[in-house]
Amino acid sequence: MPFFGLMQYGNFIDNLRLYVRGGSGGMGLPRLGGQGGNGGDVWVVAAKNMTLKRIKDKYPQKRFLGGAGANSSVRALKGEKGEDKEILAPVGITVTTDKGKTLGDLNTEGDRLMVAKGGFGGSMHSAFQPSKGQVRNIRLDLKLIADLGLVGYPNAGKSSLLTALSNATPEIANYAFTTLKPEIGKLMYKDYKQISVADLPGLIEGAHLNKGMGHKFLKHVERTKQLLFVVDVCGFQLANNTPFRSAFEAVQLLTKELELYKEELVLKPALLVVNKMDLPDAEGKLEELKEQLQNPDEFSDLLPDDMIPKNYLNFRHVVPVSASTGFGIEHLKSCIRESLDEDAEMATKAIHQERLQLNHTVNRRLFGQRMLSKYKTLLQ
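Residues numbered from 1 in each chain as written. Predicted model: local features only at pLDDT ≥ 70, side-chain atom pairs only at ≥ 80, totals over all residues. Heavy atoms only, no water.

Per an unreviewed UniProt entry, the chain goes by GTP-binding protein 10 and derives from Sparus aurata. UniProt, in its Subcellular location (unreviewed entry) section for the chain, records the words "Nucleus, Nucleolus". As its UniProt record puts it under Sequence similarities (unreviewed entry), the chain is described as follows: "Belongs to the TRAFAC class OBG-HflX-like GTPase superfamily. OBG GTPase family." (UniProt positions renumbered as here; feature names shortened; annotations may be inferred.)

Sorry, what's going on with the sheet that holds strand β3 (residues 42-47) here?
Paired through their backbone hydrogen bonds, the strands of a sheet run either parallel or antiparallel. In spatial order, the strands read β5-β3-β8; together these three strands make up an open sheet with mixed pairing. The sheet is open, and its two borders are formed by β5 (85-90) and β8 (112-116), each paired with just one other strand. Strand-to-strand, the axes of this sheet are offset by a mean angle of 30°, without reference to chain direction. Note that β3 and β5 share six bridges and pair parallel. Bridging across to β5, Val44 finds its partner in Ile87. (Pairing = 2+ DSSP bridges. Helix = DSSP H or I, 4+ residues; strand = E, 2+ residues; numbered from the N terminus. Axes fitted to C-alpha atoms, helices over the stretch in contact; angles between N-to-C directions.)

Just checking my understanding: could you explain helix α5 (residues 282-294) for this structure?
An α-helical segment advances 3.6 residues per turn. Residues three or four places apart therefore align on the same side. With 13 residues, α5 extends 18 Å between its outermost C-alpha atoms, agreeing within 8% with the 18 Å of an ideal straight helix rising 1.5 Å per residue. For α5, the complete set of buried residues consists of Ala282, Leu286, Leu289, Gln292 and Leu293. Here the buried residues of α5 occupy an arc of 125° about the axis, which is enough to place them on one side. Buried positions along α5 lie against α4 (247-261), β14 (270-275) and β15 (318-320). (Expected span 1.5 Å × (residues − 1). Buried < 20%, exposed > 50% of the residue type's maximum accessible area, 1.4 Å probe, protein only. Arc of directions from axis to C-beta. Contact = heavy atoms within 4.5 Å.)

How should the pattern of salt bridges be read in this particular structure?
Once their charged atoms are close, side chains differing in charge can pair, the charge on each being opposite to the other. Counted according to the given criterion, the structure contains 17 salt bridges. The residue Asp232 makes a salt bridge to Lys276 at a minimum N-O spacing of 3.2 Å. You can see Asp232 sitting in strand β13 (residues 224-232) and its partner Lys276 sitting in the loop between β14 and α5, a full 44 residues away along the chain. You can call Lys276 partly exposed: its relative accessible area is 24%. Across the pair Lys256 and Glu259 runs a salt bridge, and its minimum N-O distance is 3.1 Å. Of this pair, Lys256 and Glu259 both sit in helix α4, three residues apart, roughly one helical turn. Given a relative accessible area of 7%, Lys256 falls into the buried group. Each member of the salt-bridge network shares a partner with another, and the members are Arg17, Asp98 and Arg139. (Salt bridge = Lys/Arg side-chain N within 4 Å of Asp/Glu carboxyl O.)

Rendered as structure tokens:
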């Protein structure tokens, strides 16, 4: 039996603004043509077991300065470079400027990104006057990395589903937005394979416009390998003044929200969990949903014109479950494993094919060079 452990993110911080400044260059020495040392650079480095909260707690001023370059002197005509400053940050962040320009991503441990360059040391080209280091404010934006991201409107039963998959006890209540902070779970199998699942705050219609949890939710979806849609088989109504949405409508509206935020999101492999199969008339509703998913164009008139997806999702698996009774949960676990293993196998084959192609190209070049060498020898 797999087990599923849930990590609650207390005081969770998913973005942090920092002041960074490269070190100033050192003075040149005019009478001997000496060159001052360059100022130290500021780098963001991805490190294991780091969190944005830890950075904030350790550096409350949130200021990071590169060291100043050494002045040129009679003893050392070329001044030493200033000391670089490294900001250790969690894996899975995007670094941006205050204006939103992306400077780079740190996706694996050890990835490095220069965020502020040190100034140049004084030299004959600058009348031996040094320059100051680069100054800017940057933002570290954490995007959770998980194998699966749970996607669903409020009350779809995502928290209940986690409980059914595990002994976890996330807050469950019959009102919207019970999940207000991201939670990461680990699903472990008998062969010690681990699958991480991100349970994220519930979407509402208009999330792409940053309504509700909006972009806070959607940005975390970006770095999950696959999507796990969760819908209530009988549909849902967010509030008395909002329209009732069937399971089919919920699926398509969720798809559209992802599409409007970033079209690449709907290219991710996806599974659909149809929850609450213990409710009356659930079987009939499920059959209706399956028919609608097979011929979505025929039922597009159920949706507002501006919320019809450009491309309908083809789910790898449609899994009916009841989180409250446990029905279908084991089958769901198997489908999750199968889908992720399928992608991993495809990725391995692609890498293998790429290496074969590279070897083939190298061998052809070597063969050509040998033949050319022989030809030149014969001509001599």
